[in-house]
Amino acid sequence: MEFELWQLFLISVLYLGILFVVASAAEHGWLPSWLVNHPGVYVLSLGVYATSWSYYGSVGLADREGFVFLAVYLGVTIAFVASPILLKPILRLIREYQLSSLADLLAFRYNSQTAGVLVTLFMLSGALPYMALQIQAVTDSLSILTGETQGHLLALGFCLTITLFAILFGARHLTPREKHDGLVVAIAFESLVKLAALMVVGLYAVFGIFDGFSSFALWLDKHPEATEALMQPIHDGPWGMMLLLSFSAAFLLPRQFHMIFVENNRPDHLDFASWAFPLFLLLLNLWIPPILWAGRLMDLSYGPDLYVLGISMQSQSVIMPVFTFIGGISAASAMIIVTSIALASMCQTHLLLPVSFFNQRQRGINLYGFLLWTKRLLIGLVILSGYAFYLFLQVNQELTDLGLIAFVAVAQFLPGIFGLLYWRRASRLGFISGLIAGATLWVLTLILPLFHKAGWLSGTLFEQIMLPMSSTDSAFWTLLANSLLFVIMSILKPQSQQEQDAANACCSERLYQAHAIPSALTVEQFENGLTETIGNDMASREVAKALFDLGLENDNLDRNQMARLRVQLQHNLSGLIGPVLADMVVSEQIQADTTARVAIADTIQFVEKSLQGSRLELKELASELDSLRRFHRQVLHDLPLAVVTISPDLQLLSWNRAMQRLSGLHEEQVLGQQLTALDAPWCDLLTQFLDSEQPVLRSEKVRINDETSILNLFKSDVSDFSDSGQHGFVVVVEDHSEIYKLEGELAHSERLASIGRLATGVAHEIGNPVTGIACLAQDVQAMPDDHKLQQDSIRDILKLTDRISSIVHSLVSYSHAGRSLDHDPERIPIHQLAEESIRLVSLSHKGKQIEYVNNCHQDLETMGDDQKLLQVLVILLTNACDASEIGGRIEIETREHDNELAIHVRDHGSGIDDKIIGKIFDPFFTTKRTGEGTGLGLSLAYNILREHDGHIELNTRAGEGTEFIIRLPAATPLRRQHA
Amino acid sequence: MPASARNNFRIERTLIMLALIILLFVSPLTEFWAALDAPWFSPYLIWLVAIILSWSLQRSLRKHGI
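Draft legend 1. Main features of the overall build of chain A. In terms of regular secondary structure, chain A is built from 40 helices and 12 strands. Burial analysis of chain A (979 residues in total) assigns 54% to the buried set. The long-range fraction of contacts in chain A, counting pairs at least 24 apart against all pairs at least 6 apart in sequence, stands at 75%. When the accessible surface of chain A is totalled, it reaches about 42100 Å², and 57% of it is carbon and sulfur.

Here it is, written out as structure tokens:
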């Protein structure tokens, strides 16, 4: 059955129209996002690998080389199995550094614009025959279906339509961060069409030509030579070399690189593709042998390359040949679209921009517009170049031969990829010289013979120097020359520092990459520096984008943040103008301060993270050191005390587990942050503590999570072991709250105990006035008419009740449980405090027999807890009483000096033996008999005074008496001195 | 699993699978599945085995959070 040309033209236009609709639907969100972002769509988009070569040419290759045709896809399978160590690392680099093409990647790794140019030119040379192959397949299929040889205008029309599609859906965005969903979905759709069409033809071959599976099997049994002819070339054909070529083509062909890496939305889709994509290729190629045998059975007049179309035309259906034709259009158009987009990006970055970038700036042209429109123009130019190649070559070449030329070309990048991922020593010179050697041999062995066959080289020098050979032989010699030179030149010439930095960035074994600290101190300085090169508008937008990417506000960035901003800017610019130009722009316009050191915090975090993630196995001493580092780090982390370490730049370096529990702030929230960025109360507490001269801060009341805690803080300077002389800090935070509460309870118990000891005296002191009240009441009762006696008696009774009230009040007040942690310090008049303490101590039997002299100045005050300070005086007076003889004298007086007041409590008793002076402040130490004291008095007094920022001293001489001196901060400025 | 152990696990498992698959395709083992009297679909079966091995590698890596 034959068709008219206009019918096929209409069908093609209709199909491409559907393609436009599918792509638009994805771009504008008419398709559900779960479908657009499905990993299956990503896998199908990789089906761009199967071009007209696969669709038509596989049958031809199967006819000539048997199952060697499968090697074209098995190599891809091997590459995708190796995805965790081959494709994923490349994807990481592409995403991290915003690279758009293989040329970007290799230019970045080898730190060379020349490398980028060479890769681009070579890639362009290898792709043009491949694109010509697609156009040839389309015109051949038209010829078959119409029965006429087709003019080239139709091919041109096809190319122009494809150009429009590629521009509309492949050049909408400038940077690789923004993906072309429409393009991906459209290419996936085309893969489905190809697969369906081949399946239909294959099933027709089995059921239509062979009359079903059993007849098919029967035919094979009768013709074992059919299977043998397929199997034999596996043993003696170029099986191994084809596997290698297809392995490299799987990810190095421009269209494959673009779809696998540049248009990848999610890294985990690559994991899915590692088995799903080979499965797709298996399903695609399952039908080739039946189609081949069916074609032979039917003895079709055209070559095996076109059996697919020929078989479908033998069906009585109109739809099948049309569907098969559309499958061919899909295969060709997908390849041309994606390849042209990929090549346009490379040409723009490595051929056009290095020449025109700075000129455009000088003319003040909007760079974004310039980049977008040049990309679109280049897409058109690339496709038209492919058309020109097809037009002027006019070679009756086997489809697969043209394809293999491209395969051998991209295989020349394999050594460079090896150096990118695994060999840090691979140098720019090694890569370039290897590539030139491989490319030269490729031209001599494959391109010149191709031109010669087209009749271009007759009688020229080139005819003499060309070395025609098969693609697989050419692959062997080109790769050998390339690899040898790559290795030898890399070893002979050492790398520059920039090359080493680039190599470290690419190899996943890198331990640490320092960020250069920029000289610019503010973001505005960054923008001004960039404006000179990329214009004010672009500079502002790119800086804003970089700030957004890092989650930073343009607000007093510290040096490390500026360093990160510089790096992010460079990455973003790399996506627009390529890595080499981006590096040039940033290095020249935002210069690094070579004397500035990267902050320790940044360094430590990088080193720790890198050591954990590194594949390097540290050996011997390094391994021991690393183990020790981890051990000490764990010790610090697991200490039961809260520990914080702070860098000289006041960044938090560590925040151990105990500190996390105390503060409620997790390590990940705070590490690397500035101290001033911490939440209250830690920001103020730690900042003020570090600023102070004091190494210790005791009993600091801090409000944490709506509760008051008592903290002790200790700090120590830690050298950073550099020549800078700077030091960081270690701060230990002790939560004293529980102990503080226990001390309060202990003090309370001691007060109750001392009240118990006063019980006899209290009973006497209260009993006496009660007896007096009773006597006075009896007198009033006896003389009811004596008005004066009544008045006198009532007055005396009231005095006595006042006395009782006073005693009871003092006892109740003294025995109180103690105030809460939230209680604020009060002003305490020392004279009144001394009076109260004398009153309490006088309640005891011995206390009544001692003379007390209160010489405390009336105006002197201190700040604190009056109940606790009262307890201190009571303890000292009680001890003084116990040491004094009956009738003895105890003096309390105050002195003042420099905002400090001293309370002297002096007795003239027995004094304290020198042997026990050192122990008297120890808890539970007592010289009294059991039941007469707990031994906690002086220990409690010591702690209470410490809480009040005071301390206690002692002067004693055995037999002459003891003087305790309490020193406390004065509450008011002193007016005069007192003796 | 610490990050360095995960790295080593990923590399080792991938290399083992790669070695197996390359052995399947590029070794005297081809004498078996590509024997002249083998069924015509035997290369596809071997290919399917390779795909299953690849799937199991990915499953194993995912199970270990890699």
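Further notes follow.
Draft legend 2. Structural context of the overall build of chain B. Per the secondary structure count, chain B includes three helices and zero strands. Listing every helix and strand of chain B by position from the N terminus yields α-α-α. Counting over 66 residues, chain B shows a buried share of 44%. At a minimum sequence separation of 6, the contacts of chain B that also span at least 24 residues come to 64%. Summed over its atoms, the accessible surface of chain B is roughly 3600 Å², and 70% of this surface lies on carbon and sulfur atoms.

Draft legend 3. Focus on the interface of chain A and chain B. Contact residues are listed per partner, giving 38 residues for chain A and 35 residues for chain B. At the boundary of chain A with chain B, total buried surface from both sides reaches about 3200 Å², with 74% on carbon and sulfur atoms. Where chain A touches chain B, the interface holds zero salt bridges. Joining chain A to chain B, the criterion identifies seven residue pairs in polar contact (both at pLDDT 80 or more). The set of elements that each furnish at least two residues to the side of chain A that touches chain B consists of helix 5 (68–81), helix 11 (213–222), helix 12 (224–236), helix 13 (239–252), helix 15 (267–285), helix 16 (288–298) and helix 30 (600–613) of chain A. Looking at the side of chain A that touches chain B, its residues break down into 25 nonpolar, nine polar and four charged.

Draft legend 4. Examining the nonpolar core more closely. All names here are of chain A. Counting 210 residues, the largest nonpolar core has Phe251 and Ile417 as the members making the most contacts within it. With 17 residues, the top contributor of residues to this core is helix 8 (residues 113–146). Counting 44 residues, the second-largest nonpolar core is a separate cluster that includes Ile838, Leu840, Leu938 and Leu945.

Draft legend 5. Local environment of the side chain of Lys868(A). Inspection of the secondary structure assignment puts Lys868(A) in helix 39 (residues 866–883). Ignoring any residue separated from it by four or fewer positions in sequence, one finds Lys868(A) in contact with Tyr740(A), Ile944(A), Glu947(A) and His948(A).

Draft legend 6. Expanded view of the sheet that holds strand 11 (residues 951–957) of chain A. All names here are of chain A. Across the sheet, which stays open at both edges, the five strands sit in the order 7-9-10-12-11 with mixed pairing between neighbours. Since the sheet does not close on itself, it has two edges, and those belong to strand 7 (851–855) and strand 11, each with one partner. This sheet shows a mean twist of 15° between the axes of neighbouring strands, independent of strand direction. Two elements, strand 11 and strand 12 (residues 961–969), share seven bridges in a ladder whose sense is antiparallel. From the neighbouring strand, His951 faces strand 12, where its bridge partner is Arg967.

Draft legend 7. Examining the side chain of Ser654(A) more closely. Residue and element names in this part refer to chain A. For Ser654, the location among the structural elements is in strand 2 (residues 652–655). Overall, the relative accessible area of 15% leaves Ser654 in the buried class. At 2.5 Å, the side chain of Ser654 forms a polar contact with the side chain of Thr645. Apart from the residues within four sequence positions on either side, Ser654 is in contact with Leu636, Val643, Val644, Thr645 and Leu671.

Draft legend 8. Spatial organisation of the pattern of salt bridges. Residue and element names in this part refer to chain A. Tallying each qualifying case throughout the model produces 21 salt bridges over all chains. In this structure, Arg266 engages Asp268 in a salt bridge whose closest nitrogen and oxygen atoms are separated by 2.8 Å. Arg266 gets classed as partly exposed once you look at its relative accessible area, which sits at 42%. The exposure class assigned to Asp268 is partly exposed, which follows from its relative accessible area of 36%. Arg657 serves as the salt-bridge partner of Asp638, at 3.0 Å between the closest nitrogen and oxygen. In this pair, Asp638 is assigned in helix 31 (residues 620–638) and Arg657 in helix 32 (residues 657–663), connecting sequence segments 19 residues apart. Judged by relative accessible area, Asp638 falls into the partly exposed class, the value being 37%.

Draft legend 9. Focus on the packing of aromatic side chains. All names here are of chain A. Using the criterion set out here, one finds 39 aromatic pairs over all chains in the structure. Judged by centre distance (6.1 Å) and plane angle (25°), the rings of Phe67 and Phe69 are stacked. You'll find Phe67 and Phe69 in the same group, each marked buried. Stacked on the ring of Trp373, the Lys or Arg Arg376 has its end atom at 4.6 Å from the ring centre. When the ring centre of Phe689 is taken as reference, the NZ or CZ atom of Lys715 above it lies at 5.1 Å.

Draft legend 10. Representation of a nonpolar patch on the surface in the model. Together, Phe476(A), Trp477(A), Leu480(A), Leu484(A), Ile488(A) and Leu492(A) line one region of the surface with nonpolar side chains, adding up to about 600 Å² of accessible area. Within the fold, Phe476(A) resides in helix 24 (residues 471–492).

Draft legend 11. A look at the sheet that holds strand 5 (residues 727–735) of chain A. Residues and elements named next belong to chain A. The sheet built from five strands is open, its strands ordered 2-1-5-4-3 with antiparallel pairing. At either margin of the open sheet sits one strand with a lone partner, and together these are strand 2 and strand 3 (696–704). Each adjacent strand pair in this sheet contributes to an overall mean axis angle of 25°, direction not counted. Two elements, strand 1 (residues 642–646) and strand 2, share three bridges in a ladder whose sense is antiparallel. Counted as the bridge partner of Ile646 is Leu652 from strand 2.

Draft legend 12. How the structure looks around helix 11 of chain A. Residue and element names in this part refer to chain A. Listed as buried for helix 11 are Phe216, Trp219 and Leu220. Down the axis of helix 11, the sector holding all buried residues measures 100°, keeping them to one side. Facing away from the buried side of helix 11, by more than 90 degrees, are the exposed residues Ser214, Asp221 and Lys222. Looking at the buried residues of helix 11, the elements they touch are helix 10 (181–209), helix 12 and helix 16.

Draft legend 13. Main features of helix 39 of chain A. Residue and element names in this part refer to chain A. For helix 39, with 18 residues, the first-to-last C-alpha span of 26 Å sits near the 26 Å given by 1.5 Å per residue. Counting buried positions along helix 39 yields 13 of 18 residues, so the element is predominantly enclosed. The backbone nitrogen of Gln867 has a side-chain oxygen 3.1 Å away, supplied by the residue at the start of helix 39, namely Asp865.

Draft legend 14. Focus on the confidence of the model for chain B. Residue and element names in this part refer to chain B. With 95% of its residues at a pLDDT of 70 or more, chain B has an overall mean of 88. Taken element by element, the predicted model of chain B shows its lowest mean pLDDT in helix 2 (residues 30–33) (86) and its highest in helix 3 (residues 42–63) (93). Complex prediction metrics read pTM 0.69 and ipTM 0.96.

Draft legend 15. View of the confidence of the model for chain A. All names here are of chain A. Per-residue confidence for chain A gives a mean pLDDT of 85, with 90% of residues at or over 70. At the low end of the mean pLDDT range in chain A sits helix 30, at 58; at the high end sits helix 3 (residues 39–45), at 96. Considering only residues more than four positions removed or in separate chains, one finds that residues 974–979, a stretch of pLDDT under 50, has 17 contacts.

Draft legend 16. Geometry of a positive patch on the surface. Residues and elements named next belong to chain B. A cluster of like positive charges, contributed by Arg13, Arg59, Arg62 and Lys63, occupies part of the molecular surface. In this fold, Arg13 is placed in helix 1 (residues 3–25). Under the relative-accessibility criterion, Arg13 is labelled partly exposed at 36%.

Here is what the cut-offs are and how they apply
- Residues numbered from 1 in each chain as written.
- Chains lettered and ligands numbered in written order.
- Predicted model: local features only at pLDDT ≥ 70, side-chain atom pairs only at ≥ 80, totals over all residues.
- Heavy atoms only, no water.
- Helix = DSSP H or I, 4+ residues; strand = E, 2+ residues; numbered from the N terminus.
- Buried < 20%, exposed > 50% of the residue type's maximum accessible area, 1.4 Å probe, protein only.
- Contact = heavy atoms within 4.5 Å.
- Areas by Shrake-Rupley, 256 points an atom, 1.4 Å probe, with all protein chains shown as cover.
- Buried area = accessible area lost by both parts, 1.4 Å probe.
- Salt bridge = Lys/Arg side-chain N within 4 Å of Asp/Glu carboxyl O.
- Polar contact = N/O pair within 3.5 Å; in protein donor to acceptor, adjacent residues only side chain to side chain.
- Nonpolar A, V, L, I, M, F, W, Y, C, P; charged D, E, K, R; others polar.
- Core = buried A, V, L, I, M, F, W, Y, C linked by side-chain atoms within 4.5 Å.
- Pairing = 2+ DSSP bridges.
- Axes fitted to C-alpha atoms, helices over the stretch in contact; angles between N-to-C directions.
- Phe/Tyr/Trp six-rings, centres within 6.5 Å; stacked < 30°, edge-to-face > 60°.
- Lys NZ or Arg CZ within 6 Å of the ring centre and 35° of its normal.
- Patch = residues over 30% accessible without salt bridge, like charges linked within 9 Å, V, L, I, M, F, W, Y side chains within 5 Å.
- Arc of directions from axis to C-beta.
- Expected span 1.5 Å × (residues − 1).
- pLDDT = per-residue confidence, 0-100.
- Lys, Arg positive; Asp, Glu negative; His and termini not counted.
- Charge placed at Lys NZ, Arg CZ, Asp CG, Glu CD.

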